[in-house]
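# Observations on the model geometry
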Amino acid sequence: MKVLYICSELYPFLKTGGLADVSAGLPPALHALGCDVRLLLPAFPAFTENVQATRAVADLANAPAPWGKAPFLPAATVSLGTLPGVKCPAYLLDAPQLFSRPGNPYLGPDGKDWSDNAQRFAALGWAGACLGQGLDPQWVPDVIHCNDWHAGLTPAYVHAFRATGCPTPATVFTIHNLAYQGLFSHHEFSQWGLPDEYFGIHGLEFFGHASFMKSALQFSDRITTVSPTYAREILTEPHGFGLDGLLRERTHVVSGILNGVDYQIWNPGTDPLLLQKYDVNRLAGKTTAKQALQNSMGLQSRPDALIFGVVSRLTEQKGLHLLPQVLADVAAMGGQVALLGEGDAWLVETFIEAAARYPGQVGVRIGYDEAAAHNVLAGSDVVLVPSAFEPCGLTQLYGLRYGTLPLVRRVGGLADTVVDCTPENRAAGTATGFVFDALTASDLRSAMHRAFNLFKTPEWKVIQRRGMRLQFDWIAAARHYGALYESAHRSLSLTRVAPKGD
């Protein structure tokens, strides 16, 4: 099975969120199971500065569209190369006018979306579809796996090729976060090269705009999300962001596959970013990590303090607007908070003010740094993920491996991966963290109180070690994706050979 995996981020070269970790973890796991996987990436500087052993594949401007018009593109070529430490070869879409820019791949220096994002990521979708048509005659994929809205036009282009009678690969689209939809003015649609009928209620039109996300949901052969619970949630109005009706129509092709963790990176026993390693049988190093975190965050050096760690985007989606409302309780009970993140300006300012109000008990570091993230997870006792919605969440999975009990809201992948420390679950030997339901400060406060009470008991280390032994590896996820690829490819093949009228 030849799989073209399209994404816009890849750890460790370019990361703005969990998509980069997924892109680094799933393709090599698929490769290990025998899939012939190749990546397709925009030629951002982070990739072009590291790519090795490239060969030119094609000039994308010469790729024909059988329906009569191709996307409007500046000079764009596709090359094939390798990236250090990445087992799968990578196609790079090299269009300097679109991608040769410093900093964030989606936002300009002013913090706003690049004004030509529609054109930039339409080009990515077109490149993926053209590779599916033999743009590289040496390698033609059986399946194209698209990730998030950035690759959302790929299934529409593939469908347009298919509608003209061209043999095409099967398409699989993974929703990492339905809230980010790639919405653009309907005036831009004409530059994307799709047939006119693709803009409409059964196409890309979404309340007068053109939606990359809707394109993918409308035209993909299979749709996945990154946890089983989120796959059910997005079929409902509160979590569907206006697309739940379409998803309910296509529920027969929607499934949830839980993300995995790359334990070569997220492993306290081998983590090069920690001052002292530790594992489930040697927890002394976690005490060292705690002291180091207190020192680096300006917290009081107290081994008996319960530290709540936060590594997150500072947004209401992550439920972090609740945290300022409970800080007084945390301080009163002798707890501490170590927060690493960046995001909404008002939340940033609120947490900076909280650090000044509770010196020695609230430590804040604005920004994101990979080493700091590892050290917050290692040094904290509890990792807070109180999200309003959470497709999968990786932070709680990292916390489990690092012996840092997750405190989460019962949504999405958080509900699928953390077992609440209720008396019944503790007695059954299944508890791994703390779970609350309502998106309120009172429910969060109650869960934090339960953590304080358990922290005083010997049972804490029992639950800590249980979480550290859990396995959420990418091989398990890759097996599910492999079966999905086979199903999509087989269904497409049967459709091609079915007699007319069947």
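Thresholds, definitions, all that
- Residues numbered from 1 in each chain as written.
- Predicted model: local features only at pLDDT ≥ 70, side-chain atom pairs only at ≥ 80, totals over all residues.
- Heavy atoms only, no water.
- Helix = DSSP H or I, 4+ residues; strand = E, 2+ residues; numbered from the N terminus.
- Expected span 1.5 Å × (residues − 1).
- Buried < 20%, exposed > 50% of the residue type's maximum accessible area, 1.4 Å probe, protein only.
- Contact = heavy atoms within 4.5 Å.
- Pairing = 2+ DSSP bridges.
- Axes fitted to C-alpha atoms, helices over the stretch in contact; angles between N-to-C directions.
- Parallel < 35°, antiparallel > 145°, perpendicular 65-115°, else oblique.
- Left-handed = near helix turned anticlockwise from the far one by under 90°.
- pLDDT = per-residue confidence, 0-100.
- Core = buried A, V, L, I, M, F, W, Y, C linked by side-chain atoms within 4.5 Å.

With that out of the way, let us pick up helix H17 (residues 441–455). With 15 residues, H17 extends 21 Å between its outermost C-alpha atoms, agreeing within 8% with the 21 Å of an ideal straight helix rising 1.5 Å per residue. All of the buried residues in H17 are Ala 441, Leu 444, Ala 447, Met 448, Ala 451, Phe 452 and Leu 454.

Its place among the elements puts Asp 116 in the loop between helix H3 (96–99) and helix H4 (117–131). Classification of Asp 116 as buried rests on a relative accessible area of 17%. Every residue in contact with Asp 116, bar those within four places of it in the chain, is listed here: Gln 97, Leu 98 and Arg 101.

Here we come to helix H1 (residues 18–32). Because the α-helix completes a turn every 3.6 residues, residues three or four places apart line up on one side. Taking 1.5 Å as the rise per residue, H1 with 15 residues should run 21 Å; its terminal C-alpha atoms sit 22 Å apart, in good agreement. With 11 of its 15 residues buried, H1 lies for the most part within the structure. At the C-terminal side of H1, Gly 34 shows a positive phi close to 105°.

Residue Pro 12 is bonded to the preceding Tyr 11 through a cis peptide linkage, with omega at 5°. The residue Pro 12 is located in the loop between strand S1 (2–6) and H1 in this model. One non-glycine residue, Asp 148, lies in the positive phi region at around 60°. Along the polypeptide, Asp 148 turns up in the loop between strand S6 (143–147) and helix H5 (154–163). Residue classification places Asp 148 among the buried positions, given a relative accessible area of 9%.

Bringing the sheet that holds strand S13 (residues 307–314) into the picture now. Spatially, S15-S14-S13-S16-S17-S18 is the arrangement adopted by the six strands of the open sheet, whose pairing is parallel. Of all strands in the sheet, those bounded by a partner on one side alone are strand S15 (362–366) and strand S18 (434–436). Going across the sheet, the axis of each strand differs from the next one's by a mean of 15°, ignoring polarity. Here S13 runs beside strand S16 (residues 382–385); their pairing, made up of two bridges, is parallel. Paired with Phe 308 across the strands is Val 382, a residue of S16. In the packing of helix H12 (residues 345–357) onto the sheet, the strands contacted are S13, strand S14 (336–343) and S15, and the crossing angle to S15 comes to about 140°. Sheet strands in contact with helix H13 (residues 370–379) are S13, S14, S15 and S16, and its direction is about 150° off that of S13.

Glancing now at the sheet that holds strand S8 (residues 183–185). Here we have three strands laid out as an open sheet, ordered S8-S10-S9, and antiparallel in their pairing. Two strands lie at the open edges of the sheet, namely S8 and strand S9 (205–206), each paired on one side alone. Bridge count for S9 against strand S10 (residues 209–211) is two bridges, and the pairing is antiparallel. Residue pairing for S10: Phe 206 is matched across the bridge by His 209.

A few words now on the packing of H4 against H5. Packing of H4 against H5 brings their axes to within 8 Å, and their N-to-C directions diverge by 45°. Of the possible angle classes, the one that applies to H4 and H5 is oblique. Of the two elements, H4 crosses H5, and the hand of that crossing is right-handed. On H5, the residues touching Ala 122, Leu 124, Gly 125, Trp 126, Gly 128 and Ala 129 of H4 are Thr 154, Tyr 157, Val 158 and Phe 161.

Let us look at the confidence of the model for the protein chain. Averaged over the protein chain, the pLDDT score is 95; the fraction of residues at 70 or greater is 98%. Below a pLDDT of 50 lies the segment residues 497–502, which in the model reaches zero contacts outside its immediate sequence neighbourhood of four places, other chains included.

Let's shift gears to the nonpolar core. Soluble, globular proteins show a tendency: their nonpolar side chains are buried together. Among the nonpolar cores identified, the biggest contains 103 residues, and Leu 60, Trp 126, Ile 175, Trp 192 and Leu 217 are the most heavily contacted of them. With 10 residues, the top contributor of residues to this core is H4. Apart from residues lying up to four places away in sequence, Trp 126 is in contact with Leu 60, Ala 63, Pro 64, Ala 65, Trp 67, Ala 70, Pro 71, Leu 73, Tyr 157 and Phe 161. Leu 323, Val 337, Leu 444 and Trp 460 belong to the second largest nonpolar core, which has 36 residues in total.

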